[in-house]
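One-letter residues, chain by chain:
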Amino acid sequence: MLDVTNVVVRYGAITALHGISFDVHEGEIVALLGANGAGKSTTLRMLSGLHAPAEGRIIFEGRDVTVTKAHQFMALGIGHVPEGRRIFPQMSVEENLEMGAFARRGSYSDDIERMYVMFPILKDRRKQMGGNLSGGEQQMLAIARALMGRPRLLLLDEPSMGLAPMIVEMIFRIIAEIRDQGTTVFVVEQNAAQALRLADRGYVMENGRIVFSDTAANLLVDPRVRAVYLGEEVEEV
Amino acid sequence: MITWWRQPWIRRLMTSLAVVAVVELMTGPSGSFAAPTTGLIGSYNERVSVYGLFVGRRWMVFLVLALAFFGVWSAWLRGGPRMRAALRASTASPRDVASRRPVRWGFYVVLLVVAGFLPHLVNDPYWQSVLVEQIAVFVLLALGLNVVVGFAGLLDLGFVAFYAIGAYTTAWVTGALPTPAPFDVHLNPFWAIPVAIVFVMVAGILLGTPTLRLRGDYLAIVTLGFGEIITIFANNLYGITGGSYGSGGTTGSHPIPHFSIALGPIHYRWTLAPVPYYYLTLVFVVLFIIGFSLLEHSRIGRAWTAIREDEVAAESVGINPLKYKVMAFAIGAASAGFAGVVTASQSNFIFPATFTLQLSINVLVLVIFGGMGSIPGVVAGAVVIQTVSMYLIHTPPAGFQESDLYMYIGALLIVTMIFRPAGLIPSRRRRREIVLSEAGESHADEVLTGDVA
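Computed from a predicted structure; not experimentally measured.

Conventions and cut-offs
Residues numbered from 1 in each chain as written. Chains lettered and ligands numbered in written order. Predicted model: local features only at pLDDT ≥ 70, side-chain atom pairs only at ≥ 80, totals over all residues. Contact = placed C-beta atoms within 7 Å. Helix = DSSP H or I, 4+ residues; strand = E, 2+ residues; numbered from the N terminus. Expected span 1.5 Å × (residues − 1). Buried ≥ 20, exposed ≤ 12 C-beta atoms within 10 Å, placed from the backbone. Core = buried A, V, L, I, M, F, W, Y, C linked by C-beta atoms within 7 Å. Pairing = 2+ DSSP bridges. Axes fitted to C-alpha atoms, helices over the stretch in contact; angles between N-to-C directions. Parallel < 35°, antiparallel > 145°, perpendicular 65-115°, else oblique. Left-handed = near helix turned anticlockwise from the far one by under 90°. Nonpolar A, V, L, I, M, F, W, Y, C, P; charged D, E, K, R; others polar.

Colleague: Please give an account of the interface of chain B and chain A that cites residues and values.
Modeller: Each partner contributes to the interface: chain B provides 22 residues, whereas chain A provides 23 residues. Where the side of chain B that touches chain A is concerned, the elements lending two or more residues are α13 (299-309), α14 (311-316), α19 (428-438) and α20 (444-452) of chain B. Considering each element in turn, the side of chain B that touches chain A owes the most residues, five residues, to α13(B).

Dropping the structure here:
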């Protein structure tokens, strides 16, 4: 579904991604893991058109999207939940959802109802301003807003950032549900243990390169991954 | 017990004295370095004569003003929350807007009827021409700038450029410039309206496409430069624009004609008299208000709001920021272009000296004062500020000079920003934000930073 081949991203003289390749197949959840500064967010910024790659190709559903602009992705079928959620703070929950359907023509009221079924809390808050929601609610709203565009591929940037463990678990359950409803998910996460339990496959990044890739179950028990990214977290959780 | 001079009321009193002293010093009749205190205590001659002490009474005016300022301030602190609560009760609960709509429409119809009778109510030639030249035209300019600043959140400091382009286009197509008119016939200004609007919109697109990639301060500086460039062109391209003499300066040039209608049996010609121009402009003001309100609640308006609030998020939902920003520039320019047509036709001659940076700033003040993003707000802001300005110029209080005008307007703006940070009539969205922030559900700062930036 998504094929990324030998992509190099530079910020001026600094090379952030040294030719990475990965792919995402329809119907799976793929997690991209790595420490701070490994290049995860750059990868996602590149995938969502916020930063164009200097070299390499990105193919989505057989179409070359390497130089596509950020605002064109939604219409292509790629939804993006940006880092830090970035909901519209001064629009109500409902207006935020309506904005999510901007790239689409036609009626979207059914989609809003569907989001309220998936995220009942948003229905309770629907007249509230986005900026007044809690972090977890904002994350749900950001995901719901991206789903309003009916994407076939959903990109999630650090969905667990700054959220309480209980909320993170809830968000991850929702992500699994989204996959089960037929949307492919690509998630960038720092919380490796939890992300791997959710994902089908995983890629591990270090210094702008992909260092391992395997099924999530294998990565979860891989001693190298455990040592570096999971540490004692595995025993703890 | 706090030291006496640290008590809040003493501080308020001292601040009041200081503020009024500064205002008095700056507005006093002397303004000279030799006698800097004249504004405060009167000139030497005034002081030595008994007449001056009791009739000149500058210092008494000073004390009264300072105490009044202090009194209002204290009263606001004491009763303010209650007053504000009462005010909010009368305006709040945004979700009721739909149910109150008939009342609202009724209110607008009443306003329109009042506006219709206004020139006869004021019934004074000065105020009638003010209604056209200073109020209606500035309402149009404020409405246009509101699209750019209020809806799309782009700070434009060179809005005067579009006004100038509208006026010069009118002069051009009616054959009043040294540049030959594009048609053999010198057009009726009615035909200048579409031409001018198309010209300013194209100018908006030409300016916007390369510059709207910039953000915030950078964009403000570029637009400032654009405004200046247009003024300099008007001033210096003698053979094209008539230079600093304006449209009437060259031999063989003739005045920009008035509007006229010759439609079958209907023959009507506008003249220098302001009232017919007032009605003509009023019709267009209403049309622009309706058009811009529809836009505000349209898909385009929502895209503007989204870009204003978070550009990255807007892109992530599929909004092309550049496209919608350029649209805001072009659409906002339209009403300024029309204002240019009215100004040119009504005054018969145009001069580059009309189109100054000061005018851009003035229009921006109207928008901020009235309430960015709020159409009723910017209309009210334009009416209030322009009326105050013209009143001060028409009936200057003792010691007032025309050059002091913007000091008073500046003070008015500062006071408004302290007590009504979102403007005179904030937009529904902003009002909702303020209600929420005062209920402690969000940060007041959040409310501010979102839109002002």
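Next comes the rest of the description.
Colleague: Could you give me a rundown of helix α17 (residues 375-394) of chain B, with the residues and numbers involved?
Modeller: All names here are of chain B. With 20 residues, α17 should cover 28 Å at 1.5 Å per step; its first-to-last C-alpha distance of 28 Å lies within 8% of that length. Turning to α17, its buried residues number three or more, namely I375, G377, V378, V379, A380, G381, A382, V383, I385, Q386 and S389. Of the surrounding elements, those touching the buried residues of α17 are α7 (125-151), α12 (274-296), α16 (357-370) and α18 (405-419).

Colleague: Tell me about the nonpolar core, and name the residues and values.
Modeller: Burial of nonpolar side chains together is a common tendency in soluble globular proteins. All names here are of chain B. Formed by 166 residues in total, the largest nonpolar core has its most connected members in V139, L140, L141, A142, V200 and A328. For this core, the element with the highest residue contribution is α7, accounting for 17 residues. Leaving out residues up to four positions away in the same chain, A328 has contacts with V147, V148, F151, A152, L154 and W304.

Colleague: Summarise the sheet that holds strand β2 (residues 14-24) of chain A; cite the residues concerned and give the values.
Modeller: Residue and element names in this part refer to chain A. With respect to topology, four strands assemble into an open sheet ordered β2-β1-β4-β5, the strand pairing being antiparallel. What marks the edges here is a single partner per strand, and that holds for β2 and β5 (63-64). Sheet topology note: the strand β4 (residues 55-60)/β5 ladder contains two bridges and is antiparallel. Looking at the pairing, F60 lines up with R63 of β5.

Colleague: For the sheet that holds strand β9 (residues 201-206) of chain A, give the residues involved together with the corresponding values.
Modeller: All names here are of chain A. Spatial ordering of the open sheet is given by β6-β7-β8-β3-β9-β10, a layout of six strands whose pairing is mixed. With partners counted over all chains shown, the strands left at the sheet margins are β6 (78-81) and β10 (209-215), one partner each. Averaged over all neighbouring strand pairs, the angle between strand axes comes to 15°, with direction disregarded. In this structure, strand β3 (residues 29-34) lies alongside β9, joined through five bridges in parallel fashion. Within β9, the residue paired with A31 across the bridge is G202. Those strands touched by helix α6 (residues 135-147) are β6 and β7 (153-157), and its axis lies near 165° from that of β6. Strands in contact with helix α7 (residues 165-180) are β3, β7 and β8 (184-189); relative to β8, the strand with the most contacts, it is inclined by about 155°.

Colleague: So what about the packing of helix α8 (residues 160-173) of chain B against helix α15 (residues 321-347) of chain B? Which residues, and what values?
Modeller: Residues and elements named next belong to chain B. Contact geometry of α8 with α15 gives a least axis separation of 7 Å together with a crossing angle of 45°. Here α8 is positioned oblique relative to α15, judged by the angle of their axes. For the pair α8 and α15, the sense of crossing is right-handed. Where α8 approaches α15, its residues F162, Y163, A164, I165, G166, A167, T170 and A171 are matched on the opposing element by A333, A336, G337, F338, A339, G340, V341, T343, A344 and S345. Residue composition of the contact of α8 with α15, grouped by class: twelve nonpolar, six polar and no charged.

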